[in-house]
2 protein chains.
Amino acid sequence: MHRTKVRVATDILDANETIARANRADFDRAGVRVLNLMGAPGAGKTRLLEAALMHGLGEVRAGVLEGDIAGSLDAERLSALHVPVTQLNTSPGFGGECHLDANMVRSALGAIELEAIDLLIIENVGNLVCPAEFRVGEHARAMVSSVAEGDEKPLKYPLMFRACELVLINKIDLLEHVDFSLERFLANLERINPDAEHMELSARTGEGVERLAGWLEALARAES
Amino acid sequence: MHRTKVRVATDILDANETIARANRADFDRAGVRVLNLMGAPGAGKTRLLEAALMHGLGEVRAGVLEGDIAGSLDAERLSALHVPVTQLNTSPGFGGECHLDANMVRSALGAIELEAIDLLIIENVGNLVCPAEFRVGEHARAMVSSVAEGDEKPLKYPLMFRACELVLINKIDLLEHVDFSLERFLANLERINPDAEHMELSARTGEGVERLAGWLEALARAES
């Protein structure tokens, strides 16, 4: 019984990988670099993105694919920034899918004018588990982890922290009000993913936003 | 393709329901009431539980089943309270299961001395999506939502907020430091689940913990 389950899961992952490669080929052909942005619910993904886009990415033309189980609250917020935003709701699926997969992203590609952008930021569903298991064709992966969530999170959600090249430590304006040791968090991150880059930010005060904007700009300009 | 996927998912849910009923029958036979405690990563599930158990539940003998993808950090913390704690790691599954299901709970039942407790609190994996889709045989469901996560969360994760009888609004000591309107959160909750009870708490300052302890005590004493 258990064996069968694992075999089925492997097949699903393989299908996802095939479609992810097709997405990636389309992105590369259009010269668009793609970031998969992940994090727990309420970590501040949308707000950091909003802050970075408001700061501006130099000459880079950005677009956003907004993954949500239901509603379009985040997409509406971001569209106020005059950036092309496409909403992708996962709720028609199995009780609301808990992640984006390559096929969902593929089904949204028709609605995105790839020629009009250099960088596509895909904001995944708020979840520290499932999104890490499904590549969608992205060139890079980043995650947001808020200091309000606690400093042991890399140990508790290792797959997610291992999957990302960049960890955005958000809400550092709350540091003095929560029991979070930056030193302990970084030691835990080092244990799980020693190669990960990290930044300390606050979407609320604007701290670190310039650095994130610079990172996004560099990603858009990098060779495939 | 899509049809097949949905059909398989329905079968899985049915198998889960069957096992959940078997769990429930075992709990009822032993006279144990069971709470499924859910919430996003870092919402403060373990810490609230710790605070309530430290406060004490009167004559009620509590036990904890601690669901985590990896590690036993939370179980270790709780066992310091001299309450029986059983650790259930989901990582042998498909990349680390993102939720507990009835069969996982069933597989842990042999390690829990049901005769020695009146109340079993099952702390689910930190996730606002998948755990809401799988009953495990519990009598009641509660979720923790931290004010650091934002006041729009009921609209973005409706299934979870709809599945719970009790919503614990945690970290209210942070209210003045975050952009969270309690009024707006409650209006959103009312829209999604008008029947849900709610409490405002802070595991850090202890505010509301007595009320939560009272609620747990009443749950343990209620008729099945």
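What comes next is a walk through the structure.

Conventions used here
- Residues numbered from 1 in each chain as written.
- Chains lettered and ligands numbered in written order.
- Predicted model: local features only at pLDDT ≥ 70, side-chain atom pairs only at ≥ 80, totals over all residues.
- Heavy atoms only, no water.
- Helix = DSSP H or I, 4+ residues; strand = E, 2+ residues; numbered from the N terminus.
- Buried < 20%, exposed > 50% of the residue type's maximum accessible area, 1.4 Å probe, protein only.
- Contact = heavy atoms within 4.5 Å.
- Areas by Shrake-Rupley, 256 points an atom, 1.4 Å probe, with all protein chains shown as cover.
- Lys, Arg positive; Asp, Glu negative; His and termini not counted.
- Charge placed at Lys NZ, Arg CZ, Asp CG, Glu CD.
- Phe/Tyr/Trp six-rings, centres within 6.5 Å; stacked < 30°, edge-to-face > 60°.
- Salt bridge = Lys/Arg side-chain N within 4 Å of Asp/Glu carboxyl O.
- Polar contact = N/O pair within 3.5 Å; in protein donor to acceptor, adjacent residues only side chain to side chain.
- Nonpolar A, V, L, I, M, F, W, Y, C, P; charged D, E, K, R; others polar.
- Arc of directions from axis to C-beta.
- Least-squares fit on C-alpha atoms with pLDDT ≥ 70 in both.

## Things to note about the overall build of chain A
Within chain A, the regular secondary structure consists of eight helices and seven strands. Counting only C-alpha atoms and orienting by the principal axes, one finds that chain A spans roughly 50 × 45 × 35 Å. Taking all 224 residues of chain A together, the buried fraction comes to 58%. Intrachain contacts of chain A at a sequence separation of at least 6 include 75% that bridge at least 24 residues. Working note: accessible area of chain A is about 9300 Å², and carbon and sulfur atoms make up 51% of it. Side-chain charges in chain A split into 23 positive and 35 negative, and the spacing between the mean points of these groups amounts to 6 Å.

## Looking at the packing of aromatic side chains
Evaluated as defined, the whole model comprises four aromatic pairs over all chains. Each ring, one from F161 of chain A and one from F185 of chain A, has its centre 6.1 Å from the other, and the planes form 70°; the classification is edge-to-face. Remark: F185 of chain A occurs in helix α7 (residues 182–192) and F161 of chain A occurs in helix α6 (residues 158–163); sequence separation between them is 24 residues. Exposure remark for F161 of chain A: the relative accessible area of 0% places this residue in the buried category. Centroid distance F180 of chain B to F185 of chain B: 5.5 Å. Interplanar angle 35°. Geometry classified as tilted. Like F180 of chain B, the residue F185 of chain B is buried in the burial classification. A network of ring pairs unites the aromatic residues F161, F180 and F185 of chain A as a single cluster.

## Things to note about the interface of chain A and chain B
Across the contact, 41 residues belong to chain A and 41 residues belong to chain B. The tally of links between chain A and chain B comes to eight salt bridges. The salt bridge partner of D179 of chain A is R47 of chain B, with a shortest N-O separation of 2.8 Å. Counting across the interface, chain A meets chain B through 15 residue pairs in polar contact (both at pLDDT 80 or more). At the level of elements, α1 (2–30), α3 (73–79), α5 (153–156) and α6 of chain A are the ones that each hand at least two residues to the side of chain A that touches chain B. Residue composition of the side of chain A that touches chain B, by class: 21 nonpolar, six polar and 14 charged.

## A look at helix α4 (residues 102–109) of chain B
Residues and elements named next belong to chain B. Restricting attention to buried positions, one finds in α4 the residues A102, M104, V105, A108 and L109. Projection of α4 onto a plane perpendicular to its axis shows the buried side chains occupying an angular sector of 165°, all on one side. By the N-cap criterion, in which a side-chain oxygen at the helix start approaches the backbone nitrogen of a residue two or three places on, α4 is capped by D101, the distance to N103 being 3.1 Å.

## Quick look at the relation of the copies chain A and chain B
Least-squares fitting of chain A to chain B yields an RMSD of 0.0 Å, with the superposition described by an axial translation of 0.0 Å and a rotation of 180°. The transformation just described matches what one would write down for a two-fold rotation axis. No C-alpha of chain A approaches the rotation axis more nearly than that of N127 of chain A, which lies at 3.0 Å. Comparing interface residues between copies, 100% of those in chain A also lie at the interface in chain B; the contact surface is shared.

## As for the side chain of E149 of chain B
Counting through the fold element by element, E149 of chain B comes out in the loop between β5 (140–146) and α5 (153–156). The buried charged residue E149 of chain B lacks any salt bridge partner; its closest oppositely charged side chain belongs to K171 of chain B, at an N-O distance of 6.2 Å. Ignoring sequence-local partners within four residues, the contact set of E149 of chain B consists of P41, G42 and K171 of chain A together with A40, A43 and L128 of chain B.

Geometric descriptors of this kind do not, in isolation, establish any biological role.
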